[in-house]
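Chain by chain, the residues:
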Amino acid sequence: MKTMANSLFEEKLHSNEFLVTTEIGPPKGADVSEMVHHIDLLKDKVDAINVTDHQSSVMRFPSLGGCLLVKERGGEPILQVTCRDRNRLALQADLLLAYSRGIDNVLCLTGDSIDVGDHKEAKPVFDADSVQLLKMIKTMESGKDMGGEDLKGAPKFCIGASVHPEADFIEPQLIKFEKKVAAGAQFFQTQGIFDLANLHRFMQYASQFDVRILAGIIVLASARMARYMNDNVPGIIVCEAVIEELADVEKGKGLEKGIEISARMIRTIKEENLCHGVHIMAVGNEGIVPEILEQAKLPSMSTKGKRINV
Amino acid sequence: MIVAEQKTLEEIRRMITPYARVLILGCGTCMTVCDAGGEREVSFLHNALRVAQAKSGNGTHTFSEYTLKRQCDPEFLDVLSDQITDVDTVLSLGCGIGVQAIAERYPDLPVLPGVNTSFMGMAKELGVWDERCAACGDCRLEETAGICPITRCTKGILNGPCAGTKDGKCEANKDMDCAWVLIYKRLERLEQLEKMRRYYPMRNFRAIPRPKRLTSRISVDMGEDNEDNG
Ligand code: SF4
């Protein structure tokens, strides 16, 4: 594969390593101490850390701010950018800021609808969608802004997007996936996967494209949480088998079970070579990610051939 | 057509408080069709306001009522001059356009909106209306099999569904169909799925900037001659 990586993470995308990313949800408030703690805990154990962008339309400390902290602490950030809250001027400005501070990886998302969040009366923006955001980055990389003006200093990013292999109506999702590939997405972090058969089926189709696919792993803490997510969180379909497994454990042991399920799935994905890596989403339980990696028997970065050009 | 919903009686009573003589003014077009402000609703509201005033012992308003053929068209407003001479306010049950047309015609007369103008749409079933058009000024229904993603997708996105669609419904509202599922199915049926595979760039919000103005293309094409005649 081609070299000339724009980021450390991109360099790894081009290797044959099994990639592990995770995500951190910034705090609701200005106290970043817990987030910094999680960054320190995770930065050497994973290949990159996503910072979410007002996930589920819940107002929080910004993704960009979180990525700056990841950078500061010596980690490799992936900036999640949604189109819900910023028009094309604000999106471009944020991307320029990110690039100028060494944040080189961007995950391009449309963003959840305002209605699922905690500021339901806010104005939804959606000046762009995820595909248009990918294209926007490509335009900026070519040295132009979206108004057609020259940029003084063009950014260069490693760009990714998401895909939903478990969607109950997959065909339109696959059309969109192909548009994202055509728009320049280099990697995909999928929506949470719970039934590996779906991942397998998706990869049989997706392997024809020259992109890296990281399977989304959501760590569930109880059957109740799983059902709640099924009903309320866009893009999540937890299968009955997993819900039953969680329901079977005694009270207070749910998270332990969730960790076990996630670790088992990761192990299977790796052993059976189902896709190129995993993206672990611990939704509010970031501290347990090391435990999952351990149970999944994944080498941490320190033993995995350290970072290359730092 | 334009679809609206009558404001609550409380809100209307609060608005009219400073005015003694109130003309309740209906509209014979869209507001009649959507049951928000036609002749019938004007008379219902008239009664309701009278009863509320009597019951509460609050207020000394006198009410009159009238329904215009169309509030949004200046030439239909001429008949109003007789109605309007001895009133202190007009409570318009026209859409937002009607309210503003009255305000423009009568600079010294306060006009109050009696309905919340909601959207452009059509009747789904008896008493149920659905939004269908956002008046974006750049119609792309050809690309989307006659189903508008700008209006019917909560996010108004152009390149296919988001990941939140489930059971054919929208992530924002489980009672509403996902526009992109509808579009996909209809394009498939028409054997035009290639239209969905196409990339659609960001919208041009300048297509018609706000506030919008349209000039009849006929007079534009005919140029000065027409202006002389008109
Ligand atoms: S679920 Fe469908 S209609 Fe709702 S926001 Fe997503 S694409 Fe639009």
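Residues numbered from 1 in each chain as written. Chains lettered and ligands numbered in written order. Predicted model: local features only at pLDDT ≥ 70, side-chain atom pairs only at ≥ 80, totals over all residues. Heavy atoms only, no water.

## Here's the deal with the overall build of chain B
Now for step 1: Within chain B one finds 11 helices and 9 strands.
Now for step 2: The C-alpha radius of gyration computed for chain B amounts to 22 Å, which surpasses the reference 17 Å derived for 230 residues by more than 25%, pointing to a less compact arrangement than a globule.
Now for step 3: Dimensions of chain B along its principal axes, counting C-alpha atoms only, are 65 × 55 × 25 Å.
Now for step 4: Counting only residues that meet the buried cut, chain B has 39% of its 230 residues in that class. (Helix = DSSP H or I, 4+ residues; strand = E, 2+ residues; numbered from the N terminus. Rg over C-alpha atoms; globule rule 2.2 N^0.38 Å. Buried < 20%, exposed > 50% of the residue type's maximum accessible area, 1.4 Å probe, protein only.)

## Considering the overall build of chain A
Now for step 1: When helices and strands are tallied, chain A shows 11 helices and 8 strands.
Now for step 2: For 310 residues, the compact-globule estimate of 2.2 N^0.38 gives 19 Å, and the C-alpha radius of gyration of chain A, at 18 Å, lies within 12% of that figure.
Now for step 3: Expressed as a percentage of the 310 residues in chain A, the buried residues total 57%.
Now for step 4: Look at the contacts in chain A between residues 6 or more apart in sequence, and 77% of them connect residues 24 or more apart. (Contact = heavy atoms within 4.5 Å.)

## Focus: the interface of chain A and chain B
Now for step 1: Of the residues lining the interface, 34 residues belong to chain A; the matching set on chain B comes to 29 residues.
Now for step 2: When the two sides are added together, the surface that chain A and chain B hide from each other amounts to roughly 2600 Å², 58% of it contributed by carbon and sulfur.
Now for step 3: It is Gln132(A), Ile175(A) and Lys179(A) in chain A that bury the most area against chain B; as a group they hold 22% of the surface buried on that side.
Now for step 4: Inspection of the region where chain A meets chain B yields 1 salt bridge.
Now for step 5: The closest approach of N and O atoms between Arg197(B) and Glu178(A), which form a salt bridge, is 3.8 Å. (Buried area = accessible area lost by both parts, 1.4 Å probe. Salt bridge = Lys/Arg side-chain N within 4 Å of Asp/Glu carboxyl O.)

## Observations regarding the sheet that holds strand β6 (residues 115–125) of chain B
Residues and elements named next belong to chain B.
Now for step 1: Ordered in space as β1-β6-β7, the 3 strands form an open sheet in which the pairing is antiparallel. This sheet does not close on itself; its edge strands, each paired only once, are β1 (2–6) and β7 (128–133). Geometrically, the sheet is characterised by an average inter-axis angle of 70° between neighbouring strands, direction not taken into account.
Now for step 2: Relative to β7, β6 is paired through 5 bridges, and the arrangement is antiparallel. Looking at β7, one finds that Met122 is bridged to Asp130. (Pairing = 2+ DSSP bridges. Axes fitted to C-alpha atoms, helices over the stretch in contact; angles between N-to-C directions.)

## Here we look at the side chain of His61(B)
Now for step 1: Within the fold, His61(B) resides in the loop between α3 (39–56) and β3 (62–68).
Now for step 2: Assessed through its relative accessible area of 14%, His61(B) is described here as buried.

## Focus on the nonpolar core
Now for step 1: Counting 87 residues, the largest nonpolar core has Phe177(A) and Ile269(A) as the members making the most contacts within it.
Now for step 2: Leave out the neighbours within four places in its chain, and Ile269(A) touches Phe18(A), Leu196(A), Leu199(A), Ala215(A), Ile217(A), Leu274(A), Cys275(A) and Val278(A).
Now for step 3: With 22 residues, the next largest nonpolar core counts Ile2(B), Cys27(B), Cys34(B) and Leu49(B) among its residues. (Core = buried A, V, L, I, M, F, W, Y, C linked by side-chain atoms within 4.5 Å.)

## Topic: the environment of Asp231(A)
Now for step 1: Checked against the element boundaries, Asp231(A) lands in helix α8 (residues 223–232).
Now for step 2: For Asp231(A), a relative accessible area of 49% translates into the label partly exposed.
Now for step 3: Those residues in contact with Asp231(A), other than ones at most four positions away along the chain, are Lys166(B) and Lys174(B).

## Things to note about the confidence of the model for chain A
Now for step 1: Averaged over all residues, the pLDDT of chain A is 94; the fraction at 70 or higher stands at 95%.
Now for step 2: This stretch, residues 305–310 of chain A, has a pLDDT under 50; its non-local contacts, to residues over four places away or in other chains, come to 12 contacts. (pLDDT = per-residue confidence, 0-100.)

## As for a negative patch on the surface
Residues and elements named next belong to chain A.
Now for step 1: Together, Glu250, Glu256, Glu291 and Glu294 make up a negatively charged patch on the protein surface.
Now for step 2: Its place among the elements puts Glu250 in the loop between α9 (240–247) and α10 (254–271).
Now for step 3: Judged by relative accessible area, Glu250 falls into the exposed class, the value being 58%. (Patch = residues over 30% accessible without salt bridge, like charges linked within 9 Å, V, L, I, M, F, W, Y side chains within 5 Å. Areas by Shrake-Rupley, 256 points an atom, 1.4 Å probe, with all protein chains shown as cover. Lys, Arg positive; Asp, Glu negative; His and termini not counted. Charge placed at Lys NZ, Arg CZ, Asp CG, Glu CD.)

## Re the sheet that holds strand β1 (residues 19–24) of chain A
Residue and element names in this part refer to chain A.
Now for step 1: Taken together, the 8 strands give a closed barrel; going around it, the order is β1-β2-β3-β4-β5-β6-β7-β8, and neighbouring strands pair in parallel fashion. Here the average twist between neighbouring strands, direction ignored, is 25°.
Now for step 2: Two elements, β1 and strand β2 (residues 48–51), share 4 bridges in a ladder whose sense is parallel. The residue of β2 that forms the bridge with Thr22 is Ile49.

## Observations regarding the site of the ligand
Now for step 1: Taken together, Cys153(B), Thr154(B), Lys155(B), Pro161(B), Cys162(B), Thr165(B), Cys170(B), Glu171(B), Cys178(B), Ala179(B) and Trp180(B) form the complete shell of residues around the ligand.
Now for step 2: Within the shell around the ligand, the residues separate by chemical class into 7 nonpolar, 2 polar and 2 charged. (Near = heavy atom within 4 Å. Nonpolar A, V, L, I, M, F, W, Y, C, P; charged D, E, K, R; others polar.)

## Focus on helix α5 (residues 130–141) of chain A
Residue and element names in this part refer to chain A.
Now for step 1: Spanning 12 residues, α5 covers 17 Å between terminal C-alpha atoms, matching the ideal 16 Å at 1.5 Å per step.
Now for step 2: Within α5, burial applies to Ser130, Val131, Gln132, Leu133, Leu134, Met136, Ile137, Met140 and Glu141.
Now for step 3: The inward-facing, buried residues of α5 abut β3 (77–82), α4 (88–100), β4 (105–109), β5 (158–161) and α6 (170–182).
Now for step 4: For α5, the N-terminal cap is Asp129; the gap from its side-chain oxygen to the backbone nitrogen of Val131 is 3.1 Å.
Now for step 5: After α5 finishes, the residue Gly143 shows a positive phi value of roughly 100°. (Expected span 1.5 Å × (residues − 1). Polar contact = N/O pair within 3.5 Å; in protein donor to acceptor, adjacent residues only side chain to side chain.)

## What about the side chain of Lys179(A)?
Now for step 1: Take Lys179(A): it is sitting in helix α6.
Now for step 2: Lacking a salt bridge, the buried Lys179(A) has Asp129(A) as its closest oppositely charged neighbour, with an N-O distance of 6.9 Å.
Now for step 3: Apart from residues no more than four positions distant in its own chain, Lys179(A) is found in contact with Val131(A), Leu158(B), Asn159(B), Met196(B), Arg197(B), Arg198(B), Tyr199(B) and Tyr200(B).

## Regarding the pairing of β4(A)
All names here are of chain A.
Now for step 1: With respect to burial, β4 is a largely interior element, 5 of its 5 residues being buried.
Now for step 2: Of the two faces of β4, the one holding Asn105, Leu107 and Leu109 and the one holding Val106 and Cys108 are both buried throughout.
Now for step 3: Relative to β4, β3 is paired through 5 bridges, and the arrangement is parallel. In the strand pairing of β4, Leu79 is matched with Val106.

## A closer look at the pattern of salt bridges
All names here are of chain A.
Now for step 1: Throughout the structure, instances matching the rule amount to 24 salt bridges over all chains.
Now for step 2: For Asp40, the salt bridge goes to Arg73, with nearest N and O atoms at 2.8 Å. Here Asp40, found in helix α2 (residues 33–42), pairs with Arg73, found in the loop between α3 (63–72) and β3; they are 33 residues apart in sequence, far enough to count as distant.
Now for step 3: Classification of Asp40 as partly exposed rests on a relative accessible area of 30%.
Now for step 4: Connected via shared salt-bridge partners are Glu245, Lys257, Glu260 and Arg264.

## Quick notes on the packing of α4(A) against α5(A)
Residue and element names in this part refer to chain A.
Now for step 1: Following both chains from N to C, one finds α4 and α5 inclined at 55°, their axes separated by 11 Å at the closest point. Judged by the inter-axis angle, α4 sits oblique to α5. The crossing of α4 and α5 is right-handed. Counting all contacts with α4, which are made through Arg88, Leu91, Gln92, Leu95 and Leu96, the residues of α5 involved are Leu133, Met136, Ile137 and Met140.
Now for step 2: Residues of the contact of α4 with α5, tallied by class, amount to 7 nonpolar, 1 polar and 1 charged. (Parallel < 35°, antiparallel > 145°, perpendicular 65-115°, else oblique. Left-handed = near helix turned anticlockwise from the far one by under 90°.)

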